[in-house]
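Now for the letters of each chain:
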Amino acid sequence: MKASLWTQDLGKSFRLHLQGGIRIPVLEHVDFAVAPGECVALSGPSGAGKSTLMRCLYGNYGAEAGRIHLMHDGAAVELTGADARAMREIRRQTLGYVSQFLRVIPRIGALDIVAEPLIARGAAPELARTRAESLLLQLNLPRRLHHLPPATFSGGEQQRVNLARGFAPGYPILLLDEPTASLDAANREVVIALIAEAKAAGTAIIGIFHDVEVRDRVADRLFEVLPIQDAA
Ligand SMILES: Nc1ncnc2c1ncn2[C@@H]1O[C@H](COP(=O)(O)OP(=O)(O)OP(=O)(O)O)[C@@H](O)[C@H]1O
Ligand SMILES: [Mg+2]
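Fair warning: this is a prediction, and the values are worked out from it, not measured in the lab. (Residues numbered from 1 in each chain as written. Chains lettered and ligands numbered in written order. Predicted model: local features only at pLDDT ≥ 70, side-chain atom pairs only at ≥ 80, totals over all residues. Heavy atoms only, no water.)

Enquirer: How would you explain the pattern of salt bridges if you had to name every residue and give the values?
Expert: Applying the stated rule across the entire model yields 11 salt bridges. The salt bridge involving Asp211 is made with Arg188; its shortest N-O contact spans 3.5 Å. Of the two residues, Asp211 is situated in the loop between β8 (204–208) and α7 (212–218) and Arg188 in helix α6 (residues 185–200); the sequence distance between them amounts to 23 residues. Glu213 is paired through a salt bridge with Arg217; the nearest N and O atoms lie 3.3 Å apart. Taken as a pair, Glu213 and Arg217 lie in helix α7 at a separation of 4 residues, close to a single helical turn. The partly exposed category is assigned to Glu213, whose relative accessible area is 47%. Via salt bridges that share partners, Glu189, Glu213 and Arg217 belong to a single interconnected network. (Salt bridge = Lys/Arg side-chain N within 4 Å of Asp/Glu carboxyl O. Helix = DSSP H or I, 4+ residues; strand = E, 2+ residues; numbered from the N terminus. Buried < 20%, exposed > 50% of the residue type's maximum accessible area, 1.4 Å probe, protein only.)

Enquirer: Give a detailed account of the nonpolar core, specifying residues and quantitative values.
Expert: Within the largest apolar cluster, 38 residues are counted, with the highest numbers of intra-cluster contacts made by Leu136, Val161, Phe167 and Ile195. Every element with two or more residues in this core is listed here: β3 (39–43), α3 (110–120), α4 (125–138), α5 (155–167), β7 (173–177), α6 and α7. Every residue in contact with Val161, bar those within four places of it in the chain, is listed here: Leu102, Ala110, Ile113, Val114, Leu136, Leu141, Pro150 and Phe153. Residues Leu42, Met87, Ile206 and Val225 belong to the second largest nonpolar core, which totals 29 residues. (Core = buried A, V, L, I, M, F, W, Y, C linked by side-chain atoms within 4.5 Å. Contact = heavy atoms within 4.5 Å.)

Enquirer: Can you lay out the side chain of His146 for me, pointing to particular residues and giving the numbers?
Expert: Tracing the backbone through its elements, the reader meets His146 in the loop between α4 and α5. Here His146 is in contact with Gly109, Ala110, Leu111, Glu133, Leu136, Leu137 and Leu141, once residues within four sequence places are set aside.

Enquirer: How would you sum up the sheet that holds strand β9 (residues 221–224)? Please name residues and give values.
Expert: By way of backbone hydrogen bonds, the strands of a sheet pair with one another, either parallel or antiparallel. What the 5 strands build is an open sheet, ordered β6-β7-β8-β3-β9; its pairing is parallel. Edge positions in the open sheet fall to β6 (95–98) and β9, since each of these has one partner strand only. Averaged over neighbouring strand pairs, the angle between their axes works out to 20° when direction is ignored. In this structure, β6 lies alongside β7, joined through 4 bridges in parallel fashion. Bridging from a neighbouring strand, Leu95 pairs with Ile173 of β7. Each of β3, β6, β7, β8 and β9 touches helix α1 (residues 50–57); the most contacted strand, β8, lies at about 145° to it. (Pairing = 2+ DSSP bridges. Axes fitted to C-alpha atoms, helices over the stretch in contact; angles between N-to-C directions.)

Enquirer: Lay out α4 in plain terms, naming residues and giving numbers.
Expert: Counted at 1.5 Å a residue, the expected span for α4 with its 14 residues is 20 Å, and the 20 Å between its end C-alpha atoms agrees. Among the residues of α4, those classed as buried are Ala128, Ala132, Leu135 and Leu136. The arc that holds the buried residues of α4, viewed along the axis, is 100°, so those residues lie on one side. Counted as exposed and oriented over 90 degrees from the buried face of α4: Glu126 and Leu127. Looking at the residues trailing α4, positive phi occurs at Asn140, about 60°. (Expected span 1.5 Å × (residues − 1). Arc of directions from axis to C-beta.)

As structure tokens, then:
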């Protein structure tokens, strides 16, 4: 099957300007692909570059070598060459990202935070709010919290708002960074079910799962991110 997202010879290093400009290579020659309906888990030791790869795939970090391509609006586009406007459009329609921590927007209630990306894709506000509400309830977020801004929510409650926001629109490609890290066993099961549902609907998922049990249950395969060896 045709891939939803793929990289060619992707490379990324960091330059530490405060340390005399030394260069720290993190990713080299990464060739990676994920197909519709497939979940690929990034594996590898701490510090290998899993989160860095995910941030490159979302366009938060520019790649310094190689390319990232994805299917967007029926055509292959190169993420590495996308300008800010194209990037916004890709994120609105195609590419979702559930970061490890919710970026709290002051004064906006949980339900509106979840409904917002749906409305941005053209859903009627009432429908978007109904879908947001049902996802929040599925993730066991009590109704009394739905209209409160999540700033004062617990870590697990914020993560569930973040997950609802990521799953609500049904993006064709979804990036998940530690989606179950702050969750109890019951909510972990809900997330496993949401991932299975998204895969069945054709979403391509790239995830980082430190919880091996979750990883084994959702991932179709692992992609190992290898640490770069220090030069001798
Ligand atoms: N903004 C940055 N500036 C400099 N170095 C960075 C930056 N971000 C990450 N690094 C370095 O890049 C390497 C990879 O980091 P990354 O966070 O991608 O690892 P990871 O595989 O996600 O690890 P973990 O499993 O612990 O989350 C690390 O050595 C880290 O110190
Ligand atoms: Mg990480």
